[in-house]
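# Structural description and commentary
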Amino acid sequence: MQKPRMSWGKGVIRGLVLSPDQTYLAVICAAGVDLYEARTLRLIQTYCTGDCPVLACTFSPDSRTLIAGGQHIFFWDIDSGQLIRTLPDAGQGLSELHVNEHYLVANIGRTVHIWNLDSEQHYTAERSTSGISRLILRDNVIFALGIRLHLFDVRSGYLVRELRINNHKIVHMALRDNEIALLDWDNQLAIWNLQTHQKLLTQKDMVGDFLSVWRDRFVVIDTHKRLCGIDVETKKAVFRYESRYRRAGAVALSDDRLYCATIDGILQMYTDTPQETSPYTSEFQMVAFSPNDQFVAAGGTETIYVWDTRTGEIYRKHHLHNNIVQFWFHNERTLAVDVHNDVFLLHLDCGETESFFSARYGRQIAPLPPYLAYRDNGTLHLWDGRNIMKSIPLAVEQAVIDYDTLTQRLAIGSNNQGFLVWDFAREITIFASDCESGDFSRFASVRAIAIRGNTLAAVKNRNLYVWSIDSNWLRFTTGLHTPEITALLLSRDEQFIFIQQNNGHIHICRTEDGLLMHIIKSPQYGVRGMALSSDDRTLATVGRDGTVAFWDV
């Protein structure tokens, strides 16, 4: 249960690297490395490293080899797409990779590691264990930035020179001819001559997130809600772009283009006018299977992706202009999407939408196929898309709701009035707990509820309750002793309950006695949402890294 059977989605963009000849753009994401044609942003190939997440990558000097690493370091031939070499056991904490014709240099655990690519000899640079934050490899010299700037001979790892910068707050550096520029946390930039050890320039208030060399000039790039490059010597803006998305997370510069990856996971290219491609958003929050398991949908923020589960290909992508509250499959080929209580139907085959329901802000909406339910002043109304078909007085406030389509039973949990189950076929309440006794205090802060057949599960704070509905019998109650519970899911055979926690883990327990059977720990940032296939064999999760994973259960 610790490894997903498959995973879809690119996830968060961790970095951008442009090839030396400016032909290729490498995009580091959760799935591995995406290789794009730099001028068109056409996806050429995705390089996957299995369970080894990519933390850094670089290109060979001739731009024919892509090198990427995490726990291991992989070499791919770009022309053939074949893996041609692996350096195992690179270690934990890889943050940078640099290469020339004969040597590979890596910043691993704030220590400079060197590989001779001809002999595969591996060694660390002398006196590099004091904490290296950034590296640059030029010719056969390693520039290692720590409290001081250390220059190492890459062939031996010996210290060649040391520049006393006396500032442990340096976060970025860039090289130009015999000059090096250093940008610190206090937005102060200094330029040094490497031959004379003289400081050539000091400037304050150089607000920026990146430092680079562009057209033989040092450029500070501010990425907060806009892209702005400033020549540090003239203090004049050399480019300025307004971003339509959130702030940038990574930047790469060519001679005439700027590449930007936002923290939303959007890849943009700027020339005279911005162009963009969206590998996937990192804001996935929900996932759902279609009734026949042919499709799985994931989304959140403003975009929904629908995959065909038989091929793994994207079947439909739909971008909205507002945040998604929730979505569900209305039928096998139609999605119902709730955007701030305006609900519309998205038809997968044609990609068209139609208005389904509109309510004033604040009404709680829940799917009860083939109806849609919304709660208004203690009454639950069932809507068929045109008319209110039925109204049920529930007299509960701040309710959480779940619905079992097979038995047509609706479970309702209130913060102050306990739990009840409404049977739509008989139009009666068939289960109630603490709704009449007045003992409501122990059911305060109801977080989640789930119903399947004869089983009802609910969470109040960190306590899990499981009932048999027909006999009105509490099977068990247990303290979970875990972080806050965010969602519950019952298997359709009523044998297991899936408990999603805000730390991103999922506990699988038996509904008979609450015995913990498995724990799912997503390898990337944790889980935000989950859904179960109709045969109870596959659990789909969406991670905070923007990937959809499938687990055999």
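Preceding block: the structure.
Since this is a predicted model, take the numbers as computed values, not measurements.

## Here we look at the overall build of the chain
Along the backbone of the chain there are zero helices and 56 strands. Per-residue burial over the chain gives 54% buried out of 553 residues. Pairs at least 24 apart in sequence give 38% of the contacts found in the chain among residues at least 6 apart. Carbon and sulfur atoms form 45% of the exposed surface of the chain, whose accessible area is close to 24800 Å².

## Thoughts on unusual backbone geometry
Phi at Asp 139 is positive, roughly 55°, even though this residue is not glycine. Among the secondary structure elements, Asp 139 is positioned in the loop between strand 14 (134-138) and strand 15 (141-145). The exposure class assigned to Asp 139 is exposed, which follows from its relative accessible area of 63%.

## Description of the pattern of salt bridges
Under the counting rule described, the total for this entry stands at 18 salt bridges. Two residues, Glu 233 and Arg 176, come together in a salt bridge whose shortest N-O distance is 2.8 Å. Residue Glu 233 is found in the loop between strand 24 (226-231) and strand 25 (237-242), and its partner Arg 176 is found in strand 18 (residues 170-176); the two are separated by 57 residues along the sequence. Judged by its relative accessible area of 46%, Glu 233 is partly exposed. With relative accessibility at 12%, the residue Arg 176 sits in the buried group. Here Arg 409 and Asp 423 are joined by a salt bridge, their closest N and O atoms 3.9 Å apart. With Arg 409 in strand 43 (residues 409-414) and Asp 423 in strand 44 (residues 418-423), this residue pair connects regions lying 14 residues apart in the sequence. Per residue, the accessibility class of Arg 409 equals that of Asp 423, and both read buried. By sharing partners, the salt bridges in this structure join Arg 409, Asp 423, Arg 426 and Asp 470 into a single network.

## With respect to the packing of aromatic side chains
Within the structure shown, the criterion is met by 12 aromatic pairs. On the numbers, 5.7 Å between centres and 20° between planes, the contact of Phe 74 with Trp 76 is stacked. Judged by centre distance (6.3 Å) and plane angle (65°), the rings of Phe 289 and Phe 550 are edge-to-face. With Phe 289 in strand 30 (residues 286-289) and Phe 550 in strand 56 (residues 548-552), the pair connects residues that are 261 residues apart, well separated along the chain. Grouping residues by exposure puts Phe 289 and Phe 550 together as buried. Through a chain of ring-to-ring contacts, the aromatic side chains of Trp 214, Phe 239, Tyr 241 and Tyr 270 assemble into a single cluster.

## With respect to a nonpolar patch on the surface
Judged by side-chain polarity, Phe 496, Leu 515 and Met 517 come together as a nonpolar surface patch covering roughly 240 Å² of accessible area. Examined against the element boundaries, Met 517 turns out to sit in strand 53 (residues 516-521). Relative accessible area serves as the criterion here: at 35%, Met 517 is assigned to the partly exposed category.

## Observations regarding the environment of Gly 109
Checked against the element boundaries, Gly 109 lands in the loop between strand 11 (103-108) and strand 12 (111-116). A residue is classified by how much of its surface remains accessible, and Gly 109, at 45% relative accessible area, is partly exposed.

## Looking at the sheet that holds strand 24
The strand order 22-23-24-25 describes an open sheet built from four strands, whose pairing is antiparallel. Each edge of the open sheet carries a strand with a single partner, namely strand 22 (210-214) and strand 25. This sheet shows a mean twist of 20° between the axes of neighbouring strands, independent of strand direction. Relative to strand 25, strand 24 is paired through five bridges, and the arrangement is antiparallel. Looking at the pairing, Leu 227 lines up with Tyr 241 of strand 25.

## As for the sheet that holds strand 32 (residues 303-308)
The strand order across the open sheet built from four strands is 30-31-32-33, with neighbouring strands paired in antiparallel fashion. Each edge of the open sheet carries a strand with a single partner, namely strand 30 and strand 33 (314-319). Across this sheet, the average inter-strand angle for adjacent strands is 15°, counted without regard to direction. As judged from the five bridges shared by strand 32 and strand 33, these two strands associate in the antiparallel manner.

## Topic: the side chain of Asn 100
By secondary structure assignment, the location of Asn 100 is in the loop between strand 10 (94-99) and strand 11. You can call Asn 100 buried: its relative accessible area is 10%. Polar contacts involving the side chain of Asn 100 include one to the main-chain amide nitrogen of Tyr 103, which spans 2.8 Å. At 3.5 Å, the side chain of Asn 100 and the side chain of Asn 140 are in polar contact.

What counts and what doesn't
Residues numbered from 1 in each chain as written. Predicted model: local features only at pLDDT ≥ 70, side-chain atom pairs only at ≥ 80, totals over all residues. Heavy atoms only, no water. Helix = DSSP H or I, 4+ residues; strand = E, 2+ residues; numbered from the N terminus. Buried < 20%, exposed > 50% of the residue type's maximum accessible area, 1.4 Å probe, protein only. Contact = heavy atoms within 4.5 Å. Areas by Shrake-Rupley, 256 points an atom, 1.4 Å probe, with all protein chains shown as cover. Salt bridge = Lys/Arg side-chain N within 4 Å of Asp/Glu carboxyl O. Phe/Tyr/Trp six-rings, centres within 6.5 Å; stacked < 30°, edge-to-face > 60°. Patch = residues over 30% accessible without salt bridge, like charges linked within 9 Å, V, L, I, M, F, W, Y side chains within 5 Å. Pairing = 2+ DSSP bridges. Axes fitted to C-alpha atoms, helices over the stretch in contact; angles between N-to-C directions. Polar contact = N/O pair within 3.5 Å; in protein donor to acceptor, adjacent residues only side chain to side chain.

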